[in-house]
Amino acid sequence: MFDYENECLKSGFKIIAGMDEAGRGPLAGPVAVAIAIMPLEQDKIIEGVNDSKKLTEKKRDALYEQIINTAISYHIEFVDENTIDTINILNATKLGMIKCIKEIGVSPDIVLIDAVKLDADVPTKSIIKGDALSYSIACASILAKVSRDRLMLELDKKYPQYNLKKHKGYGTKEHIENLKKYGPSPIHRKSFIGHFVDVEKL
């Protein structure tokens, strides 16, 4: 989990950030992007950090608290469904990433990113399956996933008919059935739901 960080340190980069997103695939809600600069000293490494998708919700929640309490700096950005519909999900994700780099309190020397290739004002390195290969990216992955899940729980209270608390906006059978039954809400991505409902009427 530290090969890429060690490679960066050997190349002279001192402040290394990891960045990842959560929620590129759902039918509803924003995409969340997180950036984290983590201390890499052995005694400050957080045990159990891994790709957020491989962790239980309970484990992710516990690690989330440890990460925000240990990070040198971090930032979480949400890009809403209207922006996703306007500029597409990849560009919305990149927009969130650029905002994260600008808003993080400490300017990184290099940013390791899970899969996405990004032109930014600082050097970046795209790593396929980076959330499973880089500690810094894995920490960002957990921040993004937990932040988005918590937001979807709040949105569930506003739109209980879709049962967002269960599927977090992803296109499960139940979600699609409820979408057809109740029609789309303001948080549904029009560019994602055309297979299921008539978005021309919206």
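The rules behind these values
- Residues numbered from 1 in each chain as written.
- Predicted model: local features only at pLDDT ≥ 70, side-chain atom pairs only at ≥ 80, totals over all residues.
- Heavy atoms only, no water.
- Helix = DSSP H or I, 4+ residues; strand = E, 2+ residues; numbered from the N terminus.
- Rg over C-alpha atoms; globule rule 2.2 N^0.38 Å.
- Buried < 20%, exposed > 50% of the residue type's maximum accessible area, 1.4 Å probe, protein only.
- Contact = heavy atoms within 4.5 Å.
- Areas by Shrake-Rupley, 256 points an atom, 1.4 Å probe, with all protein chains shown as cover.
- Salt bridge = Lys/Arg side-chain N within 4 Å of Asp/Glu carboxyl O.
- Phe/Tyr/Trp six-rings, centres within 6.5 Å; stacked < 30°, edge-to-face > 60°.
- Core = buried A, V, L, I, M, F, W, Y, C linked by side-chain atoms within 4.5 Å.

(A) Structural view of the overall build of the protein. Scanning the protein from N- to C-terminus turns up eight helices and five strands. Each helix and strand of the protein, placed in order from N terminus to C terminus, yields the pattern α-β-β-α-β-α-α-β-β-α-α-α-α. Relative to the globule expectation of 17 Å for 202 residues, the C-alpha radius of gyration of the protein, 18 Å, shows essentially globular dimensions. Principal-axis analysis of the C-alpha atoms places the extent of the protein at approximately 55 × 35 × 25 Å. Put simply, the protein has 202 residues, and 50% of those count as buried. Within the protein, contacts between residues separated by at least 24 positions form 65% of all contacts whose residues are at least 6 apart in sequence. Accessible surface computed for the protein: about 10,100 Å², of which carbon and sulfur atoms make up 50%.

(B) Broad picture of unusual backbone geometry. Notably, N88 is not glycine yet its phi reads approximately 80 degrees, a positive angle. Here N88 is to be found in the loop between α3 (81-87) and α4 (89-103). Phi at N163 is positive, roughly 60 degrees, even though this residue is not glycine. When you line up the elements, N163 lands in the loop between α6 (135-158) and α7 (164-167). Given a relative accessible area of 17%, N163 falls into the buried group.

(C) Geometry of the pattern of salt bridges. One pass over the full model with this rule turns up eight salt bridges. Its salt-bridge partner being R60, residue D149 comes within 3.7 Å of it at the nearest N-O pair. With D149 in helix α6 and R60 in helix α2 (residues 57-70), this residue pair connects regions lying 89 residues apart in the sequence. Among the residues examined, D149 registers a relative accessible area of 7% and is labelled buried. A residue is classified by how much of its surface remains accessible, and R60, at 9% relative accessible area, is buried. In this structure, R150 engages E65 in a salt bridge whose closest nitrogen and oxygen atoms are separated by 3.5 Å. Of this pair, R150 sits in helix α6 while E65 sits in helix α2, placing them 85 residues apart in sequence. A single network of salt bridges, built from pairs that share partners, joins R60, K145 and D149.

(D) Quick look at the environment of I101. By the element assignment, I101 lies in helix α4. Residues I101 and V122, spaced 21 residues apart in sequence, show a C-alpha to C-alpha distance of 8.4 Å. In contact with I101, not counting residues within four places along its chain, are M19, I35, V111, L118, A120 and V122.

(E) The arrangement of the packing of aromatic side chains in detail. Following the criterion strictly, the structure yields two aromatic pairs and no others. A centroid spacing of 6.4 Å and a plane angle of 80 degrees characterise the contact between Y162 and Y182, whose relative ring orientation is edge-to-face. Remark: Y182 occurs in helix α8 (residues 173-182) and Y162 occurs in the loop between α6 and α7; sequence separation between them is 20 residues. What makes Y162 buried here is its relative accessible area of 1%.

(F) Here's a closer look at the nonpolar core. With 20 residues, the main nonpolar core has M38, I46, V49, L63, I67, Y135 and I142 as its most contacted residues. Going through the elements one at a time, β2 (31-37), α2 and α6 are the ones with two or more residues in this core. The element contributing the most residues to this core is α6, with eight residues. Setting aside residues no more than four positions away along its own chain, I46 makes contact with M38, L63, Q66, I67, T70 and Y135. In this structure, A17, M19, M97 and I101 belong to the second largest nonpolar core, which totals 14 residues.

By themselves these figures say nothing about function.
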